[in-house]
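This is what each chain is made of:
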Amino acid sequence: MAKAGNRSHKHFQLDSVKIKRAQRALRTKTETETIERALDLAIAEEQNNRLAHEANARFIRSGANIRDVYGALDD
């Protein structure tokens, strides 16, 4: 969560139903905590996607030979 020095005061028009649903899903007490947690989750998701993409690229560059031992991919 952001420290007090990192915060900035913003004004947004947000869907109150979505915020309440997010509060229940994230089990947060305040709207600010809900938005902070949702932003943290979005940032973490982007990082996970980037790491998965990098790992996939390294695997492809490795030239590993993949065999279909079950014959499920044969057409």
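The structure reproduced in this document is the subject of the present report. This one's a predicted model, so the numbers in the text were calculated from it and none came from an experiment.

The rules behind these values
- Residues numbered from 1 in each chain as written.
- Predicted model: local features only at pLDDT ≥ 70, side-chain atom pairs only at ≥ 80, totals over all residues.
- Heavy atoms only, no water.
- Helix = DSSP H or I, 4+ residues; strand = E, 2+ residues; numbered from the N terminus.
- Rg over C-alpha atoms; globule rule 2.2 N^0.38 Å.
- Buried < 20%, exposed > 50% of the residue type's maximum accessible area, 1.4 Å probe, protein only.
- Areas by Shrake-Rupley, 256 points an atom, 1.4 Å probe, with all protein chains shown as cover.
- Lys, Arg positive; Asp, Glu negative; His and termini not counted.
- Charge placed at Lys NZ, Arg CZ, Asp CG, Glu CD.
- Patch = residues over 30% accessible without salt bridge, like charges linked within 9 Å, V, L, I, M, F, W, Y side chains within 5 Å.
- Salt bridge = Lys/Arg side-chain N within 4 Å of Asp/Glu carboxyl O.
- Expected span 1.5 Å × (residues − 1).

Regarding the overall build of the protein chain
- When helices and strands are tallied, the protein chain shows 2 helices and 0 strands.
- Against the 2.2 N^0.38 benchmark of 11 Å for 75 residues, the protein chain shows a C-alpha radius of gyration of 21 Å, more extended than a compact globule.
- The principal-axis extent of the C-alpha atoms belonging to the protein chain is close to 55 × 30 × 20 Å.
- Within the span of the protein chain, comprising 75 residues, buried residues form 8% of the whole.
- Accessible surface, the protein chain: about 7,200 Å² in total, of which carbon and sulfur atoms supply 53%.
- Side chains of the protein chain give 14 positive and 11 negative charges; the mean places of these two sets differ by 9 Å.

Re unusual backbone geometry
- Of note in this structure, Arg-27 is not a glycine but carries a positive phi near 55 degrees.
- Along the chain, the position of Arg-27 falls in the loop between helix 1 (16-26) and helix 2 (31-62).

A short note on a nonpolar patch on the surface
- A surface patch of nonpolar side chains, about 520 Å² in accessible area, is lined by Phe-12, Leu-14, Ile-35, Leu-39 and Ile-43.
- With respect to the helices, strands and loops of the structure, Ile-43 is situated in helix 2.
- Given a relative accessible area of 56%, Ile-43 falls into the exposed group.

With respect to the pattern of salt bridges
- Summed over all chains, the structure comprises 3 salt bridges.
- In this structure, the salt-bridge partner of Glu-36 is Arg-7, at a minimum N-O distance of 3.5 Å. Taken together, the residues Glu-36 in helix 2 and Arg-7 in the segment before helix 1 connect sequence positions 29 residues apart.
- On the basis of relative accessibility, which here comes to 38%, the residue Arg-7 falls in the partly exposed class.
- In this structure, Glu-54 engages Arg-50 in a salt bridge whose closest nitrogen and oxygen atoms are separated by 3.3 Å. With Glu-54 and Arg-50 both in helix 2, this residue pair falls 4 residues apart, about one helical turn.

Brief notes about helix 2
- Counted at 1.5 Å a residue, the expected span for helix 2 with its 32 residues is 46 Å, and the 46 Å between its end C-alpha atoms agrees.
- In the segment just after helix 2, Gly-63 is the residue with positive phi, at about 75 degrees.

Considerations on a positive patch on the surface
- A cluster of like positive charges, contributed by Lys-18, Lys-20, Arg-21 and Arg-24, occupies part of the molecular surface.
- Mapped onto the secondary structure, Lys-20 falls in helix 1.
- On the basis of relative accessibility, which here comes to 43%, the residue Lys-20 falls in the partly exposed class.

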